[in-house]
Amino acid sequence: MLLLLLLVASCAAVPQNLSGKMFTFPQETDTAHVSLTTSSQNFNAVTVCFRFFTDLKRDHALFSLSVPSHDNGFLFYNMAKLDSFEMSVRNTIAKFEGLDLKLNQWQSVCGAWDAVSGLVQMWVDGKPSSRKFTSSGSDISGPMIIVFGQDQDAYGGGFDAKQSFVGMMSDLHMWDHKLSPYEIWKYAKGFGYAPGNVLNWNSLEFQIQGRVLIENA
Ligand SMILES: *[C@@H]1O[C@H](CO)[C@@H](O)[C@H](O)[C@H]1NC(C)=O
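Residues numbered from 1 in each chain as written. Predicted model: local features only at pLDDT ≥ 70, side-chain atom pairs only at ≥ 80, totals over all residues. Heavy atoms only, no water.

Visitor: With reference to specific residues and values, describe the overall build of the protein.
Guide: Helices and strands together make up the secondary structure of the protein, namely two helices and 18 strands. Oriented by its inertia axes, the alpha-carbon framework of the protein measures out at about 45 × 35 × 35 Å. When the 217 residues of the protein are sorted by exposure, 51% land in the buried category. Within the protein, counting contacts between residues at least 6 apart in sequence, those at least 24 apart form 67% of the total. Approximately 9,100 Å² of the protein is accessible, and the part contributed by carbon and sulfur atoms is 52%. Across the protein, the mean location of the 16 positive side-chain charges is 7 Å away from that of the 20 negative side-chain charges. (Helix = DSSP H or I, 4+ residues; strand = E, 2+ residues; numbered from the N terminus. Buried < 20%, exposed > 50% of the residue type's maximum accessible area, 1.4 Å probe, protein only. Contact = heavy atoms within 4.5 Å. Areas by Shrake-Rupley, 256 points an atom, 1.4 Å probe, with all protein chains shown as cover. Lys, Arg positive; Asp, Glu negative; His and termini not counted. Charge placed at Lys NZ, Arg CZ, Asp CG, Glu CD.)

This is the structure:
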């Protein structure tokens, strides 16, 4: 059954309902990842949420969105220092400190940005971070390559095993606008939230490269 799912997943980018499932990334490699497909080519605002579980004590990328003009179009990057996290927008980094991140426990993370204010903010289990300036006035635009599990140090590649994700991930959603704090809170609690209109875990187009397994969460 698992093999069948893997075959289906790697052959065809038809949307799949991954409700109740998770991706398992069981090895440190510079290859294994999930590519996510969207036809969107322009964002003047964005929110991404997902849940993850890991015991990594080194830097690692989680969600890496790249466009031809910016390798780090929109990046979630977890630091070796457990309470530190970086988000990048259009190659500009915002660093967040003192977050309630833990090893060996499912946690939800959301990040949101808009081009008008240029502010980026993140939430851990629904708890908001401080707001930081990254990039304003220009959209994230161009054909998007979205990868979970590796850091794109170049558009669509430049992977480094020492920045790879090892662990499990689930419930990934992406919206082309900023969610309200109430919507973020509902996501974190798992209450009926509106699924992502760019990426939707319940109807996800993706391709698996290397050893990434789809399992029951
Ligand atoms: C996905 O599956 C869940 C659980 O079986 C179901 O409740 C939900 O309606 C499905 N969503 C879509 C978009 O098919």
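Visitor: Just give me the short version of the pairing of strand β5 (residues 60-67), but keep the residues and values in it.
Guide: Buried residues dominate β5, accounting for eight of its eight residues. Bridge analysis of β5 against strand β6 (residues 70-78) gives five bridges, and the strand direction is antiparallel. Each bridged residue has a counterpart across the sheet, and for V67 the counterpart in β6 is H70. Taking the residues that link successive antiparallel strands as the turn, the β5-β6 hairpin has two residues. Direction of pairing for β5 relative to strand β14 (residues 145-148): antiparallel, over a ladder of four bridges. Note on β14: the bridge partner recorded for F63 is F148. (Pairing = 2+ DSSP bridges.)

Visitor: An account of the sheet that holds β14 is requested, with residue identities and associated values reported.
Guide: The strand order across the open sheet formed by seven strands is β8-β7-β6-β5-β14-β2-β17, and the pairing between neighbours is antiparallel. Strands with a single pairing partner mark the edges of an open sheet, and in this sheet they are β8 (92-96) and β17 (206-209). Averaged over all pairs of adjacent strands, the angle between strand axes in this sheet comes to 20 degrees, irrespective of strand direction. Sheet topology places strand β2 (residues 33-36) next to β14; three bridges connect them, and they run antiparallel. When the sheet's bridge partners are listed, L36 is paired in β14 with I146. (Axes fitted to C-alpha atoms, helices over the stretch in contact; angles between N-to-C directions.)

Visitor: Explain the site of the ligand to me, using residue names and the numbers behind them.
Guide: Taken together, N17, S19 and N202 make up the full set of residues near the ligand. In the model, an oxygen atom of the ligand is placed 2.3 Å from a nitrogen or oxygen of the N17 side chain. Starting from 360 Å² of accessible surface for the ligand in isolation, the protein chains cover 30%. (Near = heavy atom within 4 Å. Polar contact = N/O pair within 3.5 Å; in protein donor to acceptor, adjacent residues only side chain to side chain.)

Visitor: Describe in detail unusual backbone geometry, supporting the description with residues and values.
Guide: At R90, a position not held by glycine, the phi torsion is positive, near 45 degrees. Here R90 lies in the loop between β7 (85-89) and β8. A positive phi angle, near 55 degrees, is found at N104, a position not held by glycine. Along the chain, N104 falls in the loop between β8 and β9 (107-114).

Visitor: Go over the pairing of β6 with me, naming the residues and quoting the values.
Guide: Regular strands show a simple pattern: their side chains alternate between the two faces of the sheet. Counted residue by residue, β6 has eight buried out of nine residues, so it is predominantly covered. Taken together, the five bridges between β6 and β7 define a ladder with antiparallel strand orientation. Within the sheet, the bridge partner assigned to F76 lies in β7 and is M87. The loop that links β6 with its antiparallel partner β7 comprises six residues.

Visitor: Can you explain the pattern of salt bridges? Please cite residues and give values.
Guide: Counted under the stated rule, the structure contains ten salt bridges. In this structure, a network of salt bridges that share partners links the residues K81, D83, K95 and E97. (Salt bridge = Lys/Arg side-chain N within 4 Å of Asp/Glu carboxyl O.)

Visitor: Now, about the state of the cysteines: what can you tell me, with residues and values included?
Guide: Scanning all chains against the criterion turns up one disulfide. C49 shares a disulfide with C110; S-S distance 2.1 Å. Because the torsion about its S-S bond is 110 degrees, the bridge between C49 and C110 counts as right-handed. Here the residue C49 occupies a position in strand β4 (residues 45-53), and C110 occupies one in strand β9, the gap between them amounting to 61 residues. Taken individually, C49 and C110 each receive the classification buried, so the pair is uniform in this respect. (Disulfide = S-S within 2.5 Å.)

Visitor: Outline the side chain of S84, supporting the account with residue identities and numerical values.
Guide: Among the secondary structure elements, S84 is positioned in the loop between β6 and β7. Setting aside anything within four residues of it in sequence, one finds S84 in contact with N78, M79, F96, E97 and L101.

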